Amino acid sequence: MKKEEQLLKQITELVKATQEGKVNWQIECQTTEYNDEADKPVEESDGQKWTIDECFVSYECVWQDEEFLLISFEQIYTCGAKTRSCNMIFLPPRGNRYFDVDMLAPYAVPADKMLIYEVHMLWTTVLEAYKKNPEQVKMDVQPRKLVLGQ
C-alpha cells in the first residue's frame with residue numbers, strides 16, 4: 001500500500017475515533033486569515049488581483065500506541081467571491097514542527113483530492129470535538145505574517 005493510501009485510511013479511522021471521543025489531540029495552527037487586509041500580499045493574475053492567505057495546522061496525537069504527527073498547509077487565493085487554494089500534507093518526524101514549506105518539503109506526501117478532503121474532515125471533526133469537550137483537544141492558534149518569496 002502506498003504511503004498516501006495508508007495515510008488516507010489512518011485519517012479516516014482517526015476522524016471516526018475522534019467523533020467517538022477516543023483520541024486526544026494537540027493542535028497548533030498559524031494563519032493569516034484574521035490579519036488586516038492591508039497587510040496581506042496581493043498577486044495579479046489574468047488582470048485580476050488575488051489576496052493571499054495561508055494556514056498551517058499541526059495535528060498530534062497518540063493513535064494505536066504510536067505517536068502521530070501530520071502538518072497541513074493551505075495557501076488561499078481570494079478575488080471577490082472567487083477562491084482557489086493550494087494544499088500540501090507533510091508527515092515530518094516528531095521534533096520537526098516548523099511551519100515552513102521549504103523545511104517541510106522532504107516530508108511531503110503526494111496528496112490527491114480525496115486525501116485533502118479527509119484532512120479537511122479531520123480539521124472540522126477536531127473543531128467539533130473542541131467545542132463539545134475542550135479537554136479532548138488542546139488548541140493553540142496564532143497569527144502569522146505571510147511574505148511571498150520566503
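A brief look at the structure comes next. (Residues numbered from 1 in each chain as written. Predicted model: local features only at pLDDT ≥ 70, side-chain atom pairs only at ≥ 80, totals over all residues. Heavy atoms only, no water.)

## A closer look at helix H1 (residues 3–19)
1) Next: For H1, with 17 residues, the first-to-last C-alpha span of 24 Å sits near the 24 Å given by 1.5 Å per residue.
2) Next: All of the buried residues in H1 are Leu7, Ile11, Leu14, Val15, Ala17 and Thr18. The arc enclosing the buried residues of H1, seen along the axis, measures out at 165°, which places them on a common side. The exposed residues of H1 that point more than 90 degrees off its buried face are Lys16 and Gln19. (Helix = DSSP H or I, 4+ residues; strand = E, 2+ residues; numbered from the N terminus. Expected span 1.5 Å × (residues − 1). Buried < 20%, exposed > 50% of the residue type's maximum accessible area, 1.4 Å probe, protein only. Arc of directions from axis to C-beta.)

## Notes on the layout of surface pockets
1) Next: For the largest pocket, the calculated volume is near 520 Å³.
2) Next: Surrounding the largest pocket, 25 residues form its lining, Cys55, Val57, Glu74, His120 and Trp123 being those nearest its centre.
3) Next: In terms of residue class, the lining of the largest pocket is built from 16 nonpolar, four polar and five charged.
4) Next: Taken as a whole, the second largest pocket spans an internal volume of roughly 370 Å³. (1 Å grid on protein atoms, 1.4 Å probe; cavity = no way out; pocket = protein on both sides within 12 Å on 5 of 7 lines; lining within 4 Å. Points joined across faces, edges and corners; volume = space filled by probe spheres on them. Nonpolar A, V, L, I, M, F, W, Y, C, P; charged D, E, K, R; others polar.)

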